[in-house]
Amino acid sequence: MTPYAIIDIEATGGKAGTEKIIDIFIYRFDGNEVLDQFGSRVNPQRSIDKYVQKLTGITEKMVKGAPKFYELAKRIIEITENCIIVGHGVDFDYRMLRQEFRELGYNYERKTLDTLDLSKKLLPDAESYSLGKLSKSLGIPVNFRHTAEGDTRITLELFKILLQKDVKNEIMQSYAIDSHKSRKQISKLLHLEGELPNETGNFYFLNSDKKLIFTSSAKNIRNDVNEIFTSNGKNEKRLQSQVQEITTELTGSFLIAILKENQQKKATKNLIQLRKKYFLYGLFINLENNEFIVEKVDNYPKQPLLLFHNKRKAYRAIQELHHSLQIDTNLPVQEKAKLIRKKLAFPAKNLILVDKGRNSQEKSFIEINDGKLKAYGFFTLFNQLENDEIRQNLRISLPNSAHNKTLIKTFLHLHQFLHIITFDDENPVKIPII
């Protein structure tokens, strides 16, 4: 997994090369959760420009008793070890770190990633790419602006959104760090597996050239990867021999994980394919012999009404649908099909489906407009969902495919959502249904 060091630094100001750090904050982030954090005011042993004091609120008196940089250096090296330094306008932060370490006689080198450049690429419609205005447009809470801790928190939340917007996984493939390579294959696999979360999301296998060779969704990432590592199947063995790096993305929502997997597979050629694990069977209507049938999805050309893990659940669903709709057994199958399709239709043309998020503070949403699947996203505050402009900035587009709509109807049938919300143009978030 790729570790990142999300960072922000405030400095004294002055001529380039003479500035000194006065405030620093770092989150060690693995792409899913914060693993460690560190922050401190720093005694620069020189004056602070008046403009900087006014902007940051940090006075010379406030840093007089703070640690000097050399007292913090070891901790900074440890928390950023093997990390990619991530910042908004990261060149400044990285230059300041290298400058301070150089004065101590230490050559500090890390890869860097700029959320400013990423935002321009992944959020092309933003009115402004300044951290303050960008955070406002995305509904990111802003506290203690122009302090290292406040700006690092904003950058972390922005980076999470950018990782989700990066549907082609260009960040992952460009900056993935090699895992430890062992001479024995089993050691390599155990090492890779040992870093994985027991949570819902997506996982990606990269080869030695950082090329994506396999992706999948999972209710439990570690368990699914373990199944691949312990299988003797032909394609599983290919993956075992070729994988050198595994990266993950938590989604919280299993449906979003599946939708992301489908999108990634369509965008990436020549991926290694494995037999489906989830939703192998579909419920179909065969009009030729007037009956409902349950068949493997890959063996039947029509689009199913619902998807299931196994035949038993599918046949149980047929019984439940007949019972709930009180369908007469003598009713023509076309009429039965019409009733069932109506029952399984979206409850409204405009919907927001709210599900679990990537952590306890967050939730996810899937948006349907005019009966068409539009997008998904993540939010922490309800106003981000309620405000159409902010929600627009959080949206990550999804294909309005028949298969994706069937997946959503399946999850609706299984009552898998925390809330279902209808909305219209005049009142973007209108009525909580459940």
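Reading the values: rules and limits
- Per chain, the residues get numbers from 1 upward, laid out in the order the sequence is written.
- Totals for whole chains, interfaces and linings use all residues, but because this is a predicted model, local features are given only for residues with pLDDT of at least 70 and pairs of side-chain atoms are given and counted only at 80 or more.
- Note that the side-chain values use all heavy atoms of the structure and ignore hydrogens as well as water.
- In this text, helices come from DSSP runs of H or I with a minimum length of four residues, and strands from runs of E with a minimum of two, each type numbered from the N-terminal end.
- Buried, partly exposed and exposed residues are distinguished by accessible area as a fraction of the type maximum, computed with a 1.4 Å probe on protein chains only: under 20%, between the cut-offs, and over 50%, respectively.
- We call two residues in contact whenever any of their non-hydrogen atoms come within 4.5 Å of each other.
- For two strands to pair, DSSP has to find at least two bridges joining them.
- Working convention: axes come from line fits to C-alpha atoms, limited for helices to the stretch in contact. Angles between N-to-C directions cover 0 to 180 degrees.
- A helix is expected to reach a length of 1.5 Å times the quantity of its residues less one.
- The directions from the helix axis to the C-beta atoms form the arc being described.
- Polar contact criterion, stated in full: a pair of N or O atoms within 3.5 Å, where within protein one must be able to donate a hydrogen and the other to accept it, and residues adjacent in sequence count only if both atoms are side-chain atoms.
- Grouping buried Ala, Val, Leu, Ile, Met, Phe, Trp, Tyr and Cys residues that are joined through side-chain atoms within 4.5 Å yields what is termed a nonpolar core.
- Stacked, tilted and edge-to-face are the three classes applied to pairs of Phe, Tyr and Trp rings, where Trp contributes its six-membered ring and a pair requires centres within 6.5 Å; stacked means planes under 30 degrees apart, edge-to-face means over 60, and tilted covers the rest.
- Only when the NZ of Lys or the CZ of Arg is both within 6 Å of the ring centre and within 35 degrees of the ring normal is a charge said to sit over the ring.

A. Looking closely at the overall build of the chain. Along the backbone of the chain there are 17 helices and 17 strands. The dimensions of the chain, computed from C-alpha atoms along their principal axes, are 90 × 60 × 30 Å. When burial is assessed residue by residue, the chain has 53% of its 434 residues classed as buried. In the chain, the proportion of contacts linking residues at least 24 apart, taken out of those at least 6 apart, comes to 63%.

B. A look at the sheet that holds strand S7 (residues 212-218). Taken together, three strands build an open sheet; the order of strands is S7-S6-S8 and the sheet is antiparallel. The sheet terminates laterally at S7 and strand S8 (245-250), the two strands that pair on one side only. For this sheet, the mean inter-axis angle between neighbouring strands, taken without regard to orientation, is 15°. Of the pairings in the sheet, the one linking strand S6 (residues 201-206) to S7 comprises six bridges and is antiparallel in character. Paired with Leu 206 across the strands is Leu 212, a residue of S7.

C. Spotlight on the environment of Lys 343. Relative to the assigned elements, Lys 343 resides in helix H14 (residues 333-344). Measuring from C-alpha to C-alpha, the distance between Lys 343 and Lys 363 comes to 27 Å, with 20 residues separating the pair along the chain. Contact partners of Lys 343, with chain neighbours within four places excluded, come to Leu 321, Ser 324 and Leu 325.

D. Looking closely at helix H13 (residues 311-325). The end-to-end C-alpha distance of H13 is 21 Å, a good match for the 21 Å that 15 residues give at a rise of 1.5 Å each. The complete set of buried residues in H13 reads Ala 314, Ala 317, Ile 318, Leu 321 and His 322. Along the long axis of H13, the arc covered by the buried residues comes to 130°, so they all point the same way. Exposed residues on H13 whose side chains face more than 90 degrees from its buried face are Gln 319 and His 323. N-capping of H13 is provided by Asn 310, with a side-chain oxygen placed 3.3 Å from the backbone N of Arg 312.

E. Examining the nonpolar core more closely. In terms of nonpolar packing, the biggest core is built from 34 residues, with Tyr 4, Ile 6, Leu 113, Leu 138, Leu 158 and Phe 159 touching the most fellow members. Looking at this core, the elements with two or more residues in it are strand S1 (4-11), strand S2 (21-29), strand S4 (84-87), helix H5 (115-122), helix H6 (131-137), helix H7 (148-165), strand S12 (351-356) and helix H16 (388-394). Looking at this core element by element, the count peaks at eight residues for H7. What Phe 159 contacts, discounting residues up to four positions off in sequence, is Tyr 4, Ile 6, Phe 29, Val 86, Leu 113, Thr 115 and Leu 118.

F. Up close: the pairing of S1. Burial analysis of S1 places eight of its eight residues in the buried class, the great majority of the element. Where S1 meets S4, three bridges bridge the pair, whose relative direction is parallel. Bridging from a neighbouring strand, Ala 5 pairs with Ile 85 of S4. Alignment of S1 against S2, held across eight bridges, turns out to be antiparallel. Across the sheet, Asp 8 pairs through a bridge with Phe 25, a residue of S2.

G. The arrangement of the packing of aromatic side chains in detail. In this structure the tally under the stated criterion is 17 aromatic pairs. Summarising the aromatic geometry, the rings of Phe 101 and Tyr 108 are spaced 4.7 Å apart at their centres and angled 5° between planes, so their arrangement reads as stacked. With respect to class, Phe 101 is no different from Tyr 108; both count as buried. On the basis of an interplanar angle of 90° and a centroid distance of 6.2 Å, the ring pair of Tyr 376 and Phe 378 is categorised as edge-to-face. Neither residue differs from the other here; Tyr 376 and Phe 378 are each classed as buried. Within the aromatic cluster, the residues linked to one another by ring pairs are Phe 69, Phe 101, Tyr 106 and Tyr 108. If you follow Arg 358 out to its NZ or CZ, it ends over the ring of Phe 378, 3.9 Å from the centre. Between Lys 409 and the ring centre of Phe 346, over which it is positioned, the NZ or CZ distance is 5.4 Å.

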